[in-house]
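Inside the fold
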Amino acid sequence: MKLKVLTIFPDFVKSFFDTSLIKRAIEREIIKSEVIDIRDFAFDKHRVVDDRPFGGGEGMVLKPEPVSRALESVMEEHSVVVYLTPRGEVFNSDMAKELANFKDLIFICGRYEGMDERVVEKYVDREISIGDFILNGGEVAAMAVIESTVRFLPGVVGKEDSVKNESFEHFLLEPPVYTRPAVFMGMEVPAVLRSGNHKEIEKWKLERSISDTMKRRPDLFEKYLKFLEGEEKK
Ligand code: SAM
């Protein structure tokens, strides 16, 4: 999978591609990354990429020409262009799985008050928001989308099982996790997890998953109930 990111802060995004599991996925040639500095496509010697908004209002707007030129320099026949914006569809695990099917994803990171809408109309396939809050720019949002998408590519996460069982799969949150020592500041790891009784451990995990989802995410729990059938539902 090719991942290309258009940004005015290339070093910020490059450091992301140079870290942890993403770095390893690049070394293993599962993904290829390219970070494009939008300023390289500005017309003037000051590399200006913003201008005042038509109709007035606060702040500046990312100009259309540098972004369009930057995009055209990396677009291929099957590229899917994603614009990170609070106006987009709210991202979730299903969308990450869907994006994982594409071979060439291009992410445009907005800045200032956003990007000229004509670029969106002309080139953008998906507008994605990572939640109902405002970031300074699309970089952090692009990294979140890329990281969770790449986890669905075979070979990226150590054991593929650890992706299959994670929170949001089957609409349940994962149960809490513990490691050594068995007693920390007077708090004990639940005895069942140390019992070696796999059947009881699985039962405890499922019960905690269900009760935590009920308490913390009633919206997910509703979906979980619809997904259940027969004996399991009872
Ligand atoms: N004025 C815009 C608004 O209220 O919708 C917010 C602009 S924000 C300061 C600058 C850029 O950050 C946006 O163009 C977008 O690319 C990115 N951004 C901010 N919040 C985001 C979010 N929740 N999801 C995705 N991108 C976001």
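Residues numbered from 1 in each chain as written. Predicted model: local features only at pLDDT ≥ 70, side-chain atom pairs only at ≥ 80, totals over all residues. Heavy atoms only, no water.

With that settled, consider the layout of surface pockets. There is about 770 Å³ of room inside the largest pocket. Elements represented by at least two residues in the lining of the largest pocket include exactly α8 (198-216) and α9 (218-227). When residues of the lining of the largest pocket are assigned to their parent elements, the largest contribution, 6 residues, is made by α8. Classifying every residue of the lining of the largest pocket gives 15 nonpolar, 4 polar and 9 charged. Here the second largest pocket is characterised by a volume of approximately 560 Å³. Forming the walls of the second largest pocket are 20 residues, and the residues nearest its centre are N92, S93, D94, S167 and F168. When residues of the lining of the second largest pocket are traced back to their parent elements, those giving at least two are α4 (93-99) and α9. The dominant element in the lining of the second largest pocket, judged by the number of residues it contributes, is α4, at 4 residues. (1 Å grid on protein atoms, 1.4 Å probe; cavity = no way out; pocket = protein on both sides within 12 Å on 5 of 7 lines; lining within 4 Å. Points joined across faces, edges and corners; volume = space filled by probe spheres on them. Helix = DSSP H or I, 4+ residues; strand = E, 2+ residues; numbered from the N terminus. Nonpolar A, V, L, I, M, F, W, Y, C, P; charged D, E, K, R; others polar.)

Scanning the model with the defined rule gives 3 aromatic pairs in all. Note on F171 and F227: the rings are 5.8 Å apart at their centroids and 80 degrees apart in plane angle, and the pair reads as edge-to-face. One end of the pair, F171, is in the loop between α7 (161-164) and β8 (183-184); the other, F227, is in helix α9, with 56 residues separating them in the sequence. Residue F227 is classed as partly exposed on the basis of its relative accessible area, which comes to 43%. The interplanar angle of 35 degrees and the centroid separation of 6.0 Å between the aromatic rings of F221 and Y224 together place this pair among those described as tilted. Taken together, the positions of F221 and Y224, both in helix α9 and 3 residues apart, correspond to about one turn of that helix. In this structure, F221 and Y224 share a single accessibility class: buried. (Phe/Tyr/Trp six-rings, centres within 6.5 Å; stacked < 30°, edge-to-face > 60°. Buried < 20%, exposed > 50% of the residue type's maximum accessible area, 1.4 Å probe, protein only.)

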